[in-house]
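Observations on the model geometry
The primary structure of each chain is shown beneath.
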Amino acid sequence: MLGPEYNWLVKTTPTTEGVARISLRKSGLFTLGVAIFCFLCVALQADPLRNTDPVVLNVKNLGATGDGRVHLVHEWIDQGRFRSMRDLRRMCPAIQSADWSVDEAAFELAKAKLPPKGGTIYFPEGRYVAAHRSWTVMQNNVRLLGDGADRSVLLTQPGIADALVLSPYRHIGWLQKAAEQFPFRADSGQRGAKGLSLLDATWSGEFHPGDLVFIRNGACRFDQDYGEFNEIAGVDANGSLLLKFPLSRNYTLDRINWAGTVATSFVVPKINRNVTVATGVGEGNFQPRKGDAVTVAGQLFEVTNSEKGSLHLRNPGRGNDPPGTTIPSGAPIASSRAIIKVTQSTRNFRAEKLQFVGQRKILNLSNSYDMEFTDCRFLRQPAAASDTKGGLTIDGDGGRFARFTRCTLQADPPWAMQFARSFGDVTFDACTFLNANVAFTEFCFNCAVTNSDFDFHGPSPEAVIIVGKSGGDFRILNNRIRSENAGFVFDSQTDIQSQKHRGEGGFVIRDNTVNASGKTQVFRLNSDLHADLGDNSVLTGP
């Protein structure tokens with residue numbers, strides 16, 4: 001017989017034969033069902049693979065060892081997993097040589113198995129070693145998951161420059177020949193606007209919702225782009241492009257970041273014809289390169305030849321004024337003011353509970369869009385003295401949306417990062433920085449460092465937090481900073497120096513606790529910045 005503790009679930013009924021009949025109570029069944037449901041909910045919450053991704057691939061199921069040693073792919077062939085290298089290449093064309101480790105080859109196999117809508121690649125506890133190249137993701141909608149930053153570690157062999165590479169490098173995949181770009185109206189591009197009016201409304205048919213674009217309004221020295229990544233949301237009835245995000249700055253023609261001037265007036269040539277233009281020389285004047293697309297007084301041209309003091313410009317017919325229109329002396333010359341389609345970029349990437357260890361760079365996310373890192377550790381730890389030359393902890397050379405939450409960034413020896421070339425919307429929240437700094441320069445915008453801890457021992461890099469004067473909308477809030485012998489804690493002067501317009505939006509540096517010792521100075525900020533420096537607690541000492 002069941003004991004009284006089961007009375008909630010069963011009941012007993014005597015029979016004429018003298019044997020008790022046992023039956024289930026309906027209320028007991030309901031209670032049991034609820035209990036099972038709750039148990040499953042708790043179990044799923046504890047499962048590191050619980051997510052909404054349609055595919056979850058475990059690299060150890062695909063042949064990774066994760067034992068911290070280099071096992072080359074010939075071991076797979078010796079074990080009979082693949083008959084030959086040719087057989088392996090058929091399964092994963094990226095693996096073209098025998099110097100791949102089984103850990104990184106399993107990672108490549110996992111990526112190849114993911115559908116276009118993406119999924120999760122899971123690294124169970126272990127130390128995984130890449131021997132051929134960086135851990136590289138060049139596809140959208142990928143999530144990397146580990147068992148914890150101290151338990152799931154992705155390493156690289158000496159000689160591999162970067163630990164984790166996301167997206168091709170800057171300008172790769174940009175359709176930026178003059179004939180491929182889409183100029184927009186002189187008065188279009190106000191800060192906060194959610195659309196752009198093309199010079200030719202019929203061009204709108206070449207855009208589709210979800211297209212990634214870069215909106216450029218000149219550059220510093222024809223090099224560092226001034227603009228932003230954005231996403232096409234649609235087209236209105238007038239043929240104007242609708243954007244997913246409001247424009248972060250003023251991109252009207254009056255605010256173009258120009259880099260040179262016309263020395264003598266000239267007339268717009270016929271379409272696909274050239275004209276020779278004398279250009280200004282001396283301070284403030286720079287020369288574009290052959291093949292560049294430039295905007296001169298609102299007209300788009302291709303540079304077919306570039307010499308000191310002169311340019312040969314071709315008219316691609318992209319909405320320019322009629323041939324014969326005079327361009328006056330003194331007119332500004334800038335990198336193109338246009339919408340540029342971006343055809344190669346890694347989008348919607350996530351990494352959680354992993355550690356990445358690199359030699360020169362830990363993380364390269366240049367040209368990326370929508371990246372997120374949670375509970376990760378990034379360690380720059382060169383294997384030899386020669387590996388410390390150059391490189392960065394994080395390299396963000398153009399892109400948008402990079403979010404770091406509860407991550408640790410560590411460098412040995414102390415080293416610098418850089419977000420640059422109009423990288424926007426970078427956030428570090430509740431992060432830890434050990435001998436690693438933060439730098440937003442070259443037109444970065446809308447970036448924040450909040451609730452984070454810094455332990456920094458200089459003298460290089462020179463500053464703990466760089467908020468470059470060319471950028472804007474920076475928020476440095478509620479951080480705890482300990483600095484010894486750094487040049488500065490907060491610095492806005494370490495930045496490009498030749499831009500004609502600096503970024504818009506203010507700087508907020510508030511509620512930080514700073515302990516600065518040695519030769520460290522706390523502030524080096526430009527006097528013309530719109531800066532809110534309230535309620536910072538500063539302790540200085542020897």
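Use the structure listed above.
Predicted model only: the values in this text are computed from it and were never measured.

Another aspect to go through is the pairing of strand E26 (residues 368-374). The buried fraction of E26 is high, at six of seven residues. Two elements, strand E23 (residues 347-352) and E26, share five bridges in a ladder whose sense is parallel. Among the inter-strand pairings, Arg 347 is bridged to a residue of E26, identified as Tyr 369. Of the strand pairs in this sheet, E26 and strand E29 (residues 399-405) are connected by six bridges, and their pairing is parallel.

Let's shift gears to the pattern of salt bridges. For the coordinates displayed, the defined rule picks out 31 salt bridges. Of the charged contacts, one joins Arg 133 and Glu 108 as a salt bridge, the two residues approaching to 2.9 Å between their closest N and O atoms. You can see Arg 133 sitting in the loop between strand E5 (126-130) and strand E6 (135-137) and its partner Glu 108 sitting in helix H4 (residues 102-113), a full 25 residues away along the chain. Residue classification places Arg 133 among the partly exposed positions, given a relative accessible area of 30%. You can call Glu 108 buried: its relative accessible area is 6%. Ionic pairing is found between Arg 510 and Asp 535, a salt bridge with its closest N-O pair at 2.6 Å. Within this pair, whereas Arg 510 is found in strand E41 (residues 507-510), its partner Asp 535 is found in the loop between strand E44 (531-532) and strand E45 (537-541), the two being separated by 25 residues in sequence. Residue classification places Asp 535 among the exposed positions, given a relative accessible area of 55%. Residues participating in the shared-partner salt-bridge network are Arg 170, Asp 223, Asp 397 and Arg 421.

The next point concerns the sheet that holds strand E12 (residues 224-235). Taken together, five strands build an open sheet; the order of strands is E10-E13-E12-E11-E22 and the sheet is antiparallel. Where the open sheet ends on each side, the last strands, each with one partner, are strand E10 (195-196) and strand E22 (337-341). Judged from the three bridges that link them, E12 and strand E13 (residues 241-243) form a sheet pairing that is antiparallel. Counterpart to Gly 234 in the pairing with E13 is Leu 242.

This part takes up the nonpolar core. Leu 365, Phe 373, Phe 404, Phe 419, Phe 428 and Phe 440 are the most contacted members of the largest nonpolar core, which has 82 residues in total. The dominant element in this core, judged by the number of residues it contributes, is H4, at six residues. The contact partners of Leu 365, leaving out residues within four places of it in the chain, are Leu 166, Met 371, Phe 373, Ile 394, Asp 395, Gly 396, Gly 398, Ala 402, Phe 404, Phe 419 and Phe 423. Core analysis: the second largest hydrophobic core is formed by 18 residues, Leu 198, Phe 207, Leu 241 and Leu 247 among them.

Given a rise of 1.5 Å per residue, 12 residues ought to cover 16 Å, and the 16 Å separating the end C-alpha atoms of H4 matches this to within 8%. Most of H4 is tucked away, with 10 of its 12 residues classed as buried. Of the residues making up H4, those classed as buried are Val 102, Asp 103, Glu 104, Ala 105, Ala 106, Phe 107, Glu 108, Leu 109, Ala 110 and Lys 111.

If you trace the 10 strands from one edge of the open sheet to the other, you get E5-E8-E24-E27-E30-E33-E36-E39-E42-E45, paired in parallel fashion. With one partner strand each, in any of the chains shown, E5 and E45 form the two edges of the open sheet. The average undirected angle you get between the axes of adjacent strands in this sheet is 10 degrees.

The subject of this paragraph is the packing of aromatic side chains. Ring pairs (aromatic) are described by centroid distance and by the angle formed between their planes. Enumeration over the complete set of coordinates arrives at 29 aromatic pairs. Ring centres of Tyr 369 and Phe 401 lie 5.6 Å apart, and the angle between their planes is 80 degrees; this geometry places the pair in the edge-to-face category. Of this pair, Tyr 369 sits in strand E26 while Phe 401 is found in strand E29, placing the two residues 32 residues apart along the sequence. A relative accessible area of 12% places Phe 401 in the buried class. With a centroid separation of 4.3 Å and an interplanar angle of 5 degrees, the aromatic rings of Phe 433 and Phe 454 are classed as stacked. In this pair, Phe 433 is assigned in strand E33 (residues 432-436) and Phe 454 in strand E36 (residues 453-457), connecting sequence segments 21 residues apart. Both residues of the pair, Phe 433 and Phe 454, count as buried. Just above the ring of Trp 258 sits the side chain of Lys 500; from NZ or CZ to the centre is 4.6 Å.

The rules behind these values
Residues numbered from 1 in each chain as written. Predicted model: local features only at pLDDT ≥ 70, side-chain atom pairs only at ≥ 80, totals over all residues. Heavy atoms only, no water. Buried < 20%, exposed > 50% of the residue type's maximum accessible area, 1.4 Å probe, protein only. Helix = DSSP H or I, 4+ residues; strand = E, 2+ residues; numbered from the N terminus. Pairing = 2+ DSSP bridges. Salt bridge = Lys/Arg side-chain N within 4 Å of Asp/Glu carboxyl O. Core = buried A, V, L, I, M, F, W, Y, C linked by side-chain atoms within 4.5 Å. Contact = heavy atoms within 4.5 Å. Expected span 1.5 Å × (residues − 1). Axes fitted to C-alpha atoms, helices over the stretch in contact; angles between N-to-C directions. Phe/Tyr/Trp six-rings, centres within 6.5 Å; stacked < 30°, edge-to-face > 60°. Lys NZ or Arg CZ within 6 Å of the ring centre and 35° of its normal.

Geometry only, nothing functional implied.
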